[in-house]
Amino acid sequence: MKNVISLSFLMILGVFAAQAQDLPANPEPGKCYVRCTTPDIYENQTVQVQITPEYKKLKTFPATFETRTEKVLVKEAAKKLTVIPAKYETETVTFVKKQKASALKVIPAKFGTGSETVETKPAYAQWELGAPAPDCASSNPDDCRYWCYKGYPAEFTTVSVKTLGSDATTTSSAIAEKTSTYTKRVISEPARVVEAEIPAEYATITKTVMVKDAYSEEVVVPATFKTVTKEVLTQKGGLTTWKEVECSLVEYSALPINWNLGSATLTTAAKNIIDTRLMPVLASNPGTKMEIASHTDARGSKANNKSLSERRAQSVVNYLLTKGVNGSRLVANGYGESRLKNRCADGVTCTERQHAANRRTEFRLINN
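This one's a predicted model, so the numbers in the text were calculated from it and none came from an experiment.

Student: Explain the packing of aromatic side chains residue by residue, including any values.
Tutor: Per the stated rule, a full pass over the model turns up three aromatic pairs. When the centroid spacing of 4.8 Å and the interplanar angle of 15° are considered together, the rings of Phe61 and Tyr215 count as stacked. Of the two residues, Phe61 sits in strand E3 (residues 55–61) while Tyr215 sits in strand E16 (residues 215–221), which places them 154 residues apart along the sequence. Here Tyr215 falls in the partly exposed class, since its relative accessible area comes to 34%. A cation over an aromatic ring shows up here: Arg339 above the ring of Tyr335, its NZ or CZ 3.8 Å from the ring centre.

This is how it looks when you write it as structure tokens:
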């Protein structure tokens, strides 16, 4: 193992003693050594930590009420109107069905006969050329003719005509008026409204009236403090020294914790094992460093097994931290199914007991 410095190992390296400045000086045969770093030295100091601040606490008081009765209007006063219809009676009315008028009779015009003479052509006179003279010496016979101014009487015609004896006239005769009757209903007593008073209605109600509203009172709650002990570094360590340890402590030793299936939570029994197995080793070997290694069997995925083993190793370290162990002295490693102790790898049929051999948590001292 890399942390085990046996006699044979020292003999092999003896020739390099001058160069190996970090090996223990004058080692004894058959002894085992681990390299330690001198621890930091702390002292405990107490401080007051304010747990809760001073604050105001309000106490509330509810509103107070009282019951009162009150007369209230539930129906307003009104008026009831009753309509009394009109009364009618029958009357006979005479009316002119056809007005009086006149009837006219025509007497035609009367005519007589006569005649009238009309001048159709008036009397006139004109020059007329007479017959040529028998003894006319001129070769032009018109030179020997004479002119006479001859008169002609007017011309007349007689036309038969009618004469108006008497013009057309009319005679009038009276047409008598016609009457008739009808009946109608007339109001003998008009309609009217009779008004009656309807009184208001009241009821008694009960109501709750606020006497005093809700209010609050202030109470100051003082701050609370807790005394906490803390470690204060008084001397810085860090020097490398070699410490003789039991050889069995540098080899992996079983920490027989029975983990619940799939769980990384420490049971009360597991914590008791840590208290009785690990705490004495750490206490008797101050300045040494311890590895907590956790393993699983091959069942399940590699990723899940790796994560589960890491969480289990860290749970052990976290518990040791609560017991006051300095975190620089602890290393948590989860190897999952990578370091099986038998042939029970994936695909190999094994008994539960064989699988259980691979589910383990171990510890050992290692070099700082």
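Back to the text.
Student: Which residues make up helix H3 (residues 302–322), and what are the values?
Tutor: Between its terminal C-alpha atoms H3 stretches 31 Å, which fits the 30 Å expected from 21 residues at 1.5 Å a residue. Those residues of H3 not exposed but buried are Asn305, Leu308, Ser309, Arg312, Ala313, Ser315, Val316, Val317, Tyr319 and Leu320. Elements in contact with the buried residues of H3: helix H2 (268–284), strand E20 (289–295) and strand E21 (330–336). Downstream of H3 by one or two residues, Gly324 has phi in the positive range, about 95°.

Student: Which residues make up the sheet that holds E20, and what values go with them?
Tutor: Read across the sheet, four strands follow the order E19-E22-E20-E21 without closing on themselves; strand pairing throughout is mixed. In this open sheet, the two strands that pair with only one neighbour each are strand E19 (253–254) and E21. Direction of pairing for E20 relative to E21: parallel, over a ladder of six bridges. Bridging from a neighbouring strand, His295 pairs with Gly336 of E21. The sheet contacts of H3 involve E20 and E21, and relative to E21 the element is tilted by about 160°.

Student: Explain the state of the cysteines residue by residue, including any values.
Tutor: Under the definition given, this model contains one disulfide. Put simply, Cys344 and Cys350 are joined by a disulfide, and their sulfur atoms are 2.1 Å apart. What sets the handedness of the Cys344 and Cys350 disulfide is the S-S torsion sign, and at about -110° it is left-handed. According to the relative accessible area criterion, Cys350 is buried, its value standing at 15%.

Definitions and cut-offs
- Residues numbered from 1 in each chain as written.
- Predicted model: local features only at pLDDT ≥ 70, side-chain atom pairs only at ≥ 80, totals over all residues.
- Heavy atoms only, no water.
- Phe/Tyr/Trp six-rings, centres within 6.5 Å; stacked < 30°, edge-to-face > 60°.
- Helix = DSSP H or I, 4+ residues; strand = E, 2+ residues; numbered from the N terminus.
- Buried < 20%, exposed > 50% of the residue type's maximum accessible area, 1.4 Å probe, protein only.
- Lys NZ or Arg CZ within 6 Å of the ring centre and 35° of its normal.
- Expected span 1.5 Å × (residues − 1).
- Contact = heavy atoms within 4.5 Å.
- Pairing = 2+ DSSP bridges.
- Axes fitted to C-alpha atoms, helices over the stretch in contact; angles between N-to-C directions.
- Disulfide = S-S within 2.5 Å.

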